[in-house]
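Listed below are the residues making up each chain.
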Amino acid sequence: MVFSLARTPLVLALLAACGPGTDTTDNSTDSTTAATGTTAGPGTTTDTPTTGTPTTDATTVNPTTVTTTDATTVNPTTDATTGGAVCPDEFPQDGTPCTDEGLFCGGPCEDPCAFCNVIKCENGTWMGLEVFPADCPDCPTVCGFVVPAACPGGPPDQDSCVAGCMDVQAGDCGLLYNQALACTGSMPTFTCSESGQPIVESCADQYDALYACLG
């Protein structure tokens, strides 16, 4: 009897450890499954599609076609009247491409006693050209040849000749005067015209135009 009482607590303890208890298995719906579907049974998941308005990826940009024009290429336009090429409004830069072979732009370089820049379309490229002035004598130099001619319509002395020369060059007839000087050269021979004005015979047309301008 004493033996039986001593084993009873041990048996009860074993029964408590091996007997029915609470199932600790988590039967709750997995948070990931709940977000995407419902559980239909053990091991079976039924997807529940979501509804809504599809969104557009903001990073997707449809390409567009952009046509660019080389700003360094300056080509002449076409004259609507003659159909021929004319120079562009903007003076072309040296070394830029061109299309009308042999076309000159710039100038018009009317003053032969001054430097002038022009540009030519040559071998598909604008080529800058510098026009050098003619051998135009300055006022003291040319007056050294005019005064000795002693023409009645010419200057009486060197000082008045130089002053008159500079006034003419700065006035409305300056271009015609420089054209006459360019023809005159550095070692001219002046004679008197029928009207008594000093001229160089080989440049008679230029001096006639000059005196007509001076009135």
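I will try to describe carefully the structure that is included in this document. What you are looking at is a predicted structure, and each value in this text was computed from that prediction instead of being measured.

Right, let's get into the overall build of the protein. Of regular secondary structure, the protein possesses 6 helices and 9 strands. For the protein, the residues scored as buried account for 21% of the 215 residues in total.

This next bit is on the layout of surface pockets. Put simply, the largest pocket is a space of about 320 Å³. Along the wall of the largest pocket there are 19 residues; nearest its centre are Val 146, Pro 155, Tyr 177, Pro 198 and Tyr 211. Of the residues forming the lining of the largest pocket, the biggest block, 5 residues, is contributed by helix α4 (residues 158-170). The residue makeup of the lining of the largest pocket, split by class, is 14 nonpolar, 5 polar and no charged.

Although it is not a glycine, Asn 123 sits at a positive phi angle of roughly 55 degrees. Within the secondary structure layout, Asn 123 lies in the loop between β6 (116-122) and β7 (125-131). For Ala 150, which is not a glycine, the phi torsion comes out positive at approximately 50 degrees. Topologically, Ala 150 is positioned in the loop between α3 (139-146) and α4.

Right, let's talk about the state of the cysteines for a bit. Applying the stated rule across the entire model yields 9 disulfides. In this model Cys 183 forms its disulfide with Cys 203; the gap between the sulfur atoms is 1.9 Å. Its S-S torsion of approximately -90 degrees makes the covalent link between Cys 183 and Cys 203 left-handed. Of this pair, Cys 183 sits in helix α5 (residues 174-184) while Cys 203 sits in the loop between β9 (198-199) and α6 (204-214); the two residues are 20 residues apart in sequence, bridging distant segments of the chain.

For the rest of this paragraph, the subject is the nonpolar core. For soluble globular proteins, nonpolar side chains are generally found buried alongside one another. Among the nonpolar cores identified, the biggest contains 19 residues, and Val 142, Cys 143, Cys 165, Tyr 177, Phe 190, Tyr 207 and Leu 210 are the most heavily contacted of them. Looking at this core, the elements that each hand over two or more residues are α3, α4, α5 and α6. In contact with Phe 190, other than residues within four places in its own chain, are Val 142, Phe 145, Val 146, Ala 149, Thr 184, Pro 198, Ile 199, Val 200 and Tyr 207. Core analysis: the next-biggest nonpolar cluster, separate from the first, contains 6 residues, Leu 103, Cys 105, Cys 121 and Trp 126 among them.

In this section: the packing of aromatic side chains. Under the defined criterion, the tally for this structure stands at 3 aromatic pairs. With centroids separated by 5.4 Å and ring planes inclined at 65 degrees, the aromatic side chains of Phe 115 and Phe 132 adopt a geometry described as edge-to-face. Of the two residues, Phe 115 sits in the loop between β5 (104-106) and β6 while Phe 132 sits in the loop between β7 and α3, which places them 17 residues apart along the sequence. Ring pairing ties together the aromatic residues Phe 190, Tyr 207 and Tyr 211, which thus form one cluster.

Calculation notes
Residues numbered from 1 in each chain as written. Predicted model: local features only at pLDDT ≥ 70, side-chain atom pairs only at ≥ 80, totals over all residues. Heavy atoms only, no water. Helix = DSSP H or I, 4+ residues; strand = E, 2+ residues; numbered from the N terminus. Buried < 20%, exposed > 50% of the residue type's maximum accessible area, 1.4 Å probe, protein only. 1 Å grid on protein atoms, 1.4 Å probe; cavity = no way out; pocket = protein on both sides within 12 Å on 5 of 7 lines; lining within 4 Å. Points joined across faces, edges and corners; volume = space filled by probe spheres on them. Nonpolar A, V, L, I, M, F, W, Y, C, P; charged D, E, K, R; others polar. Disulfide = S-S within 2.5 Å. Core = buried A, V, L, I, M, F, W, Y, C linked by side-chain atoms within 4.5 Å. Contact = heavy atoms within 4.5 Å. Phe/Tyr/Trp six-rings, centres within 6.5 Å; stacked < 30°, edge-to-face > 60°.

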